[in-house]
Amino acid sequence: MDALFRSIDIKNNSSILDEMDTKGFCCIANFLTSEQLSLLQENVRLDAEKHKGQYFAHHGGDAIEGTLLGALGAAPEFRETLGDVYRAGAGRNAYSSEILKVLRCVQGDSGRRESNCFHYDASLVTVLLPIEIPQEGIDRGDLIMFPNLRRVRWSVLLNVLEKALLQNALSRKLISAAIRHRLLRPQRLQLVPGNLYLFWGYRTLHANEPCDPASRRATAIFHYGDPHAGSLATRLILKLNQRRAARASALDTQPAA
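Here goes a summary of the coordinates provided. (Residues numbered from 1 in each chain as written. Predicted model: local features only at pLDDT ≥ 70, side-chain atom pairs only at ≥ 80, totals over all residues. Heavy atoms only, no water.)

### A short note on the side chain of His228
Mapped onto the elements of the fold, His228 is located in the loop between strand E9 (216–224) and helix H9 (232–250). For His228, a relative accessible area of 4% gives the class buried. Among the polar contacts listed, one links the side chain of His228 to the side chain of Tyr202, at a separation of 2.7 Å. (Helix = DSSP H or I, 4+ residues; strand = E, 2+ residues; numbered from the N terminus. Buried < 20%, exposed > 50% of the residue type's maximum accessible area, 1.4 Å probe, protein only. Polar contact = N/O pair within 3.5 Å; in protein donor to acceptor, adjacent residues only side chain to side chain.)

Here it is, written out as C-alpha cells:
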C-alpha cells in the first residue's frame, strides 16, 4: 500500500526528545491526513462489527499489515525515527529493528475490563496513534501516565521484579483507588484522533481510563526497542505473553499490550 506520512525530523528537532523527557510525552499534531484517518476509522468500524461490539486487539498479523498501519510501520522514515529516538534514550542502537504493532479497540462492557491496567511497556519507545476516541463525556478512555518513573534497568531480573510488583490485580486496584482519592495525581491526556504521541513506554507507568460502553476507543500502538531483547528471561516472558494472548483470544478478550 503506497502512502505518504508526515516526516518527523528527530535530528533537527530536539524539542521532541526534550518534551518526552520533561513533559513525559510529545504530540505530533495532525500526523495523519483526514483521508488517512477516515480510512483507518472505516477499517476499525468493519472490524468492530465482526466482534459484535466487544473488545478486541490485534498483535500484528494480516489485520494490521494489510492496512495503513502496516504501511506506516514499514515506512523507512518512520523506522529511522524510532531508531533515532531509541538511540537518544538508551545511548546505543536497539538490539532489533523490529516494530511490534498492536491495534486495540475498547468498546462494550468487555472493554471496561481492559481499563486501568497499569503497566510498563517492554519497549523503551512507545508510539500511540489514536484512531477513534470519544471527545465528549466523562468516560472517554483518557490515557493516564506517571511519566518517566524509572530509568532503563540493565538488569533483566530487576525489570521483571518491578513489573511483577506493579502489574497485578491488587496493585492496579490500589493505584486506581489512590487516584480516585487524589492521593496520586497522574498526567491525563485526552487523545485526539490523527495525532501521534511518543513517550518512553518502558519508563512510564500508564493505562487507559474506562471508556463508555456505548462508545469506541481505537488506538494503534507501535513498540520499538526492548532493552532486554535477546536475554533468556525476555524470550520466556514473550512466550508466556503469547500463550496468555492466545487463551484470552479464545475467550473473546485480550490482555492489555
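### Details of the environment of Asn116
Considering the arrangement of structural elements, one finds Asn116 in the loop between helix H6 (108–112) and strand E4 (125–132). As for Asn116 and Asn208, which are separated by 92 residues in sequence, their C-alpha atoms are 5.6 Å apart. Excluding anything up to four places from it in sequence, Asn116 contacts Ile144, Arg172, Ser176, Ala207, Asn208, Glu209 and Pro210. (Contact = heavy atoms within 4.5 Å.)

### With respect to the pattern of salt bridges
Summed over the entire model, instances satisfying the criterion amount to 10 salt bridges. With a shortest N-O distance of 2.6 Å, Arg45 and Glu42 are connected by a salt bridge. Separated by three residues within a single helix, Arg45 and Glu42 lie in helix H2 (residues 34–50), roughly one turn from each other. One network of salt bridges, in which partners are shared, links Glu42, Arg45 and Glu49. (Salt bridge = Lys/Arg side-chain N within 4 Å of Asp/Glu carboxyl O.)

### What to know about the sheet that holds strand E8 (residues 205–208)
Taken in spatial order, the three strands line up as E6-E5-E8 in an open sheet, and their pairing is antiparallel. The sheet is open, and its two edges are formed by strand E6 (187–189) and E8, each paired on a single side. For this sheet, the mean angle separating the axes of adjacent strands, direction not counted, is 20°. Note: strand E5 (residues 143–146) against E6, three bridges, orientation antiparallel. If you follow Leu143 over to E6, its bridge partner there is Leu189. (Pairing = 2+ DSSP bridges. Axes fitted to C-alpha atoms, helices over the stretch in contact; angles between N-to-C directions.)

### Topic: the packing of aromatic side chains
Counted under the stated rule, the structure contains five aromatic pairs. Ring centres 6.5 Å apart and planes at 40° place the aromatic pair Phe25 and Tyr197 in the tilted group. Linking Phe25 in the loop between helix H1 (14–22) and strand E1 (26–28) with Tyr197 in strand E7 (residues 196–200), this pair joins segments that are 172 residues apart in sequence. Like Phe25, the residue Tyr197 is buried in the burial classification. The lysine or arginine in question, Arg150, covers the ring of Tyr120, its NZ or CZ lying 4.1 Å from the ring centre. (Phe/Tyr/Trp six-rings, centres within 6.5 Å; stacked < 30°, edge-to-face > 60°. Lys NZ or Arg CZ within 6 Å of the ring centre and 35° of its normal.)

### Topic: the sheet that holds E4
Sheet architecture is open: six strands sit in the order E1-E7-E4-E9-E3-E2, paired in antiparallel fashion. Strand pairing shows two members of the sheet lacking a second neighbour, E1 and strand E2 (56–59), which therefore form its edges. If you compare each strand with its neighbour and ignore which way they point, the axes differ by 20° on average. Relative to E9, E4 is paired through seven bridges, and the arrangement is antiparallel. Within the sheet, the bridge partner assigned to Leu128 lies in E9 and is Ile221. Contacts from H2 reach E2, strand E3 (99–107), E4 and E9, with the element oriented near 80° to E4.

### Regarding helix H7 (residues 156–166)
Taken as a whole, H7 has its buried residues at Asn159, Glu162 and Lys163. Looking straight down H7, one finds its buried side chains confined to an arc of 95°; they lie on one side. The exposed residues of H7 that point more than 90 degrees off its buried face are Leu157 and Leu165. (Arc of directions from axis to C-beta.)

### Structural notes on the nonpolar core
Ranked by size, the top nonpolar core spans 44 residues in total, and within it Phe31, Leu69, Phe78, Val125, Leu129, Leu196 and Phe222 carry the most contacts. When residues of this core are assigned to their parent elements, the largest contribution, five residues, is made by helix H5 (residues 76–90). When neighbours within four sequence positions are excluded, Leu196 is seen to be in contact with Ile8, Cys26, Cys27, Ile28, Phe31, Phe78, Val127, Leu128 and Leu129. Leu143, Met145, Tyr197 and Phe199 belong to the second-largest nonpolar core, a separate cluster that totals 11 residues. (Core = buried A, V, L, I, M, F, W, Y, C linked by side-chain atoms within 4.5 Å.)

These figures capture arrangement, not role.
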